[in-house]
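# A structural walkthrough
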Amino acid sequence: MVRQLALLLVACLAKAFLRTPALVHDDLASTLELGSDLFAPRNMSMLDAHDDAMSPAQLRKIVSHLRNVVGQQKHKIIALEAELHRATASLEAVRSSSPPHAKAGAFTSSAMEVSDFGVIFNAQVPSGIDVGALDAARKKKEKQGRAKRGDDHDVQGHRKDRKTSTTTPFTLQTMMDAYTNGNDTVADALDIEKKGLREGPMGLDMYYLYGSAFVLLPVAILLVILFEIYHRSWVGVDFDIEPYGEQEQAQDTAFSGLFRGCWELTTPYFTVDNPPTNGRTYLAIIFTLAAVMLYFLFIWNAWQKQFWDAFQEKNYDKFLYLMLVFIVMVIVIVLIATYADYMRQMLYIDWRGWLTDRYLRRWMANHLHYIMQVDGDLSKIDNPDQRIQEDLDKFVSLTISLSYNFAWNVGTLCVFLPLLWILSPKKAFGMFYLPGWLVYVALAFSIVGTLVTHLVGSQLMRINFARQRMEADFRFQLVRVRDNSESVAVYNSEETERHRFDGQFERIRRVWWEYMTYNKRLQYWISAYGLVSFLYPFMILAPNYFNGDITLGDLFQIYSALNYVGNAFDWIINVYQPLTDWRATCDRLLAFDEASVAAEKATEENELIIISPAQGYVGADFWAQKLTISLPGGKPLWENAELRIAPADRVLISGPAGRGKSTLFRALAGVWPYSKGEVRTPAQSPTDVLCLPQKPYIPSHVTLRTAVCYPQDPQAYTDEAIAQALGVVKLTDLLARKNEKSSSESGGGAGLDRIAQWDHELSPGEQQRLRVAHVLLQRPRFLFLDEATASIDEDTTVMVYQTLLRELPECAIISISHDVKTLKRFHRKHFVPAEKENVLRRA
């Protein structure tokens, strides 16, 4: 079958491209042209003069001349109808008075149809021509031709349609009947040649060229079917993987949910004071420029009518003036479009900066970033960093683009909808009276298109949500390996990590294939809809144009207005793909907002009460009473635990792993959400209490000065004090180190101004000593150390504690450590968890 289709296609193309003009005059088209031109009244005498002696070359010359005559006279066909009856009566009179033997059988087949020609064109038959004899000769020749060639050919030598048992004879009478009636009333009797579609540019035979398209159709369908059946077998994708993964929320794919929550995300920026610039100012400027642009598009629409009418009228002076107007409009439109886009970019960066600051403040307030990690429900909010960095970027850019496009379409409707109503021809489809009928057609067409588009593509919202999550997870895994590259290298686990990356990317590949599947279905519809949208205005306006209701300029003006209105109605269809991406982005940001509100509510409802001097506490001791601490699942770690620490006290807490010692410190610091009780602290400021976790955090790509002073402002301490603190913990060599990288990569500088990735450059022990140097600078009143010297050798640990006791004599030190043997001598009190109760007791 494929071979046969291929051979047929080659044959059609060969016929189309190898055909020469020399062969054209033997076609039915040439015969029709010849016959069409011979019946003009002013040329009938030429036939009478030349009779049989007329050569094919002379006939073709007459054809060429009279074809132009026919084209110029087509608009007068209606007027000729009025004279049809008089011409018929006159012809009957001629027939009745002519002798039966005059000039019989002396003409070609085209000349023998002169009686038909005379009827249509009200021709005066020249004297000496026996019309009756012509009819008799024509019928005789037709009979002879059918007997000679069989039923496969008509009188003009062309093959009949083999699918029909009878053939309607094609005469100039039937052709002119079609012209007179305004349509082709004998379309079933005409093939492609008779419709003037055969001769193409450069002598191409359009019959076979169009035929190749009909051949290509089954070939394309067959190839598509084969591709759909077999293409998944060679792509190497595991289609058993769940494409959507675990999602913290169900995606609302209903049409009514397309814009859910957008008001809550959008309005804050435009409704609050935002000095020195404001979103409302940007919007006012952008909408003003858009209004001016719409005004010029209205002028452009009116200009188009006159432009095409100038061509139809062949008015060169009018054309030159319109080109001058065109130049002016182009300059203005370019300026407006450029600065409107520039203002949108200004709005983008200002809006994104405002939103980023807002989300960062919320994420960092009340330890929300930590609570979202440890809370069982809130931890499902994956990759908050990606939501702040990437989703906010995508949300702002897509919101500006979609909103501007929507506002533009609303303005377009305001301008062109009344114009389209006014320009609509009075007769709908050229048949019945209906004012503004093009508006109804455009609206109905767009409603159907929009509903089908959402029905086909709604699943893309869920897919885009999954894509964003899996891309963020993949990036997070890569960053983790980068940040722990030393451990990965020491473990020699590169191959294991690579397999983990492959598995993560396989999920991305799977969801991408899901996206491809639904996007392909959407493209089927959108492509078909777009092609039909381009053509249907001409289809519905064709009857009005051919009936003479509108001119060519009117046609193009109406088409332009209908195109603007249709595009405005088709807004959702035109932006559906970015709209689904925007919907998924909104869902991720809304989930983040909901988690933030839940975390803030959990913090407010936290039963752990912290009383400071600001709340009326006047004591000097750090005192925790009736402290109950549990895990996220509800398992209790501490119940009614009490701990009282006096100024300059030294307390050591030890015990088996997993008993909740570090969690106790988190509760005392006020960051553990699953705790209740009461904590009284004499701290007058945040710097009075300092907690050092086992794994210190040191910011990267900052100066050494900033790393030592973190989280405080480095300007709060002198360089001499910072250098002295580094010397006490034996880290003065950091001041003398040089960058191994170039200054352009590391930031340059030396000593305290040297910039480096400190969490990679420093060993775990050096990092812990660097944090001790910060303790010496901050000088807190209460210091909590959670295995803060676990990465330091025993001698250095002894040195650190001796330094702390010497430099901070009034500071209370509370240590959690398993190294009781080394640290017990530096502490006055020693507590351990009770064996059968979740409380602390003296060791």
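Model, not experiment: these values are computed from the prediction. (Residues numbered from 1 in each chain as written. Predicted model: local features only at pLDDT ≥ 70, side-chain atom pairs only at ≥ 80, totals over all residues. Heavy atoms only, no water.)

### Thoughts on the pattern of salt bridges
For the structure on display, the rule yields 27 salt bridges. Arg510 is the salt-bridge partner of Glu514, the closest N and O atoms lying 3.0 Å from each other. Pair noted here: Glu514 and Arg510 are both in helix H19 (residues 494-546), with a separation of four residues, about one helical turn. Summarising the burial analysis for this pair, Glu514 and Arg510 share the class buried. Here the salt bridges do not stand alone but share partners, grouping Lys305, Asp309 and Asp554 into one network. (Salt bridge = Lys/Arg side-chain N within 4 Å of Asp/Glu carboxyl O. Helix = DSSP H or I, 4+ residues; strand = E, 2+ residues; numbered from the N terminus. Buried < 20%, exposed > 50% of the residue type's maximum accessible area, 1.4 Å probe, protein only.)

### Some thoughts on a nonpolar patch on the surface
Together, Leu217, Ile221, Leu223, Ile225, Leu226, Phe227, Ile229, Tyr230 and Trp234 make up a nonpolar patch on the protein surface, roughly 960 Å² of accessible area in all. Structurally, the position occupied by Ile229 is in helix H10 (residues 206-230). (Patch = residues over 30% accessible without salt bridge, like charges linked within 9 Å, V, L, I, M, F, W, Y side chains within 5 Å. Areas by Shrake-Rupley, 256 points an atom, 1.4 Å probe, with all protein chains shown as cover.)

### A look at H19
For H19, with 53 residues, the first-to-last C-alpha span of 75 Å sits near the 78 Å given by 1.5 Å per residue. At Leu535, H19 shows its maximal bend, which comes to roughly 35°, and the proline Pro537 appears one to four places after that position. Count one or two residues on from H19 and you reach Gly548, which has phi positive near 85°. (Expected span 1.5 Å × (residues − 1). Bend = angle between axes of the 7 residues up to and from the residue.)

### Observations concerning the confidence of the model for the protein
Mean pLDDT over the protein: 75, with 70% of residues reaching 70 or higher. Looking at the elements of the protein, mean pLDDT is at its lowest for helix H7 (residues 114-121), recorded as 37, and at its highest for strand S11 (residues 782-786), recorded as 92. When the criterion is pLDDT under 50, residues 15-54 qualifies, and its contacts beyond four places in sequence or with other chains add up to 90 contacts. Between residues 151-194, whose pLDDT stays under 50, and residues either more than four places distant or in other chains, the model counts 70 contacts. (pLDDT = per-residue confidence, 0-100. Contact = heavy atoms within 4.5 Å.)

### As for the environment of Val511
Its location among the elements puts Val511 in helix H19. For Val511, the contacting residues outside a window of four places in its chain are Pro243, Ile463, Ala466, Arg467 and Met470.

### Brief notes about unusual backbone geometry
A cis amide bond links Tyr710 with the next residue in sequence, Pro711, at an omega value of 10°. Relative to the assigned elements, Pro711 resides in the loop between helix H24 (704-709) and helix H25 (719-728). Look at Lys730: it is not a glycine, yet its phi comes out positive at around 60°. Tracing the chain through its elements places Lys730 in the loop between H25 and helix H26 (733-736). At Glu787, a position not held by glycine, the phi torsion is positive, near 50°. One can find Glu787 in the loop between S11 and helix H30 (794-807).

### What to know about the sheet that holds strand S13 (residues 829-833)
In spatial order, the strands read S8-S11-S12-S6-S13-S14; together these six strands make up an open sheet with mixed pairing. Here the strands that pair on one side only, and so sit at the sheet edges, are strand S8 (689-692) and strand S14 (840-842). Neighbouring strand axes in the sheet, compared pairwise and without regard to direction, differ in orientation by 20° on average. Sheet topology places S13 next to S14; three bridges connect them, and they run antiparallel. Residue pairing across strands places Phe831 opposite Arg842, the latter belonging to S14. Each of S8 and S11 touches helix H29 (residues 764-778); the most contacted strand, S8, lies at about 175° to it. (Pairing = 2+ DSSP bridges. Axes fitted to C-alpha atoms, helices over the stretch in contact; angles between N-to-C directions.)

### Concerning the sheet that holds strand S3 (residues 608-611)
The mixed open sheet is built from four strands, whose spatial order is S3-S7-S4-S5. In this open sheet, the two strands that pair with only one neighbour each are S3 and strand S5 (636-645). Averaged over all pairs of adjacent strands, the angle between their axes in this sheet comes to 5°, without regard to strand direction. Of the strands in this sheet, S3, strand S4 (622-630), S5 and strand S7 (675-680) touch helix H23 (residues 661-669), which is tilted by about 120° from S4.

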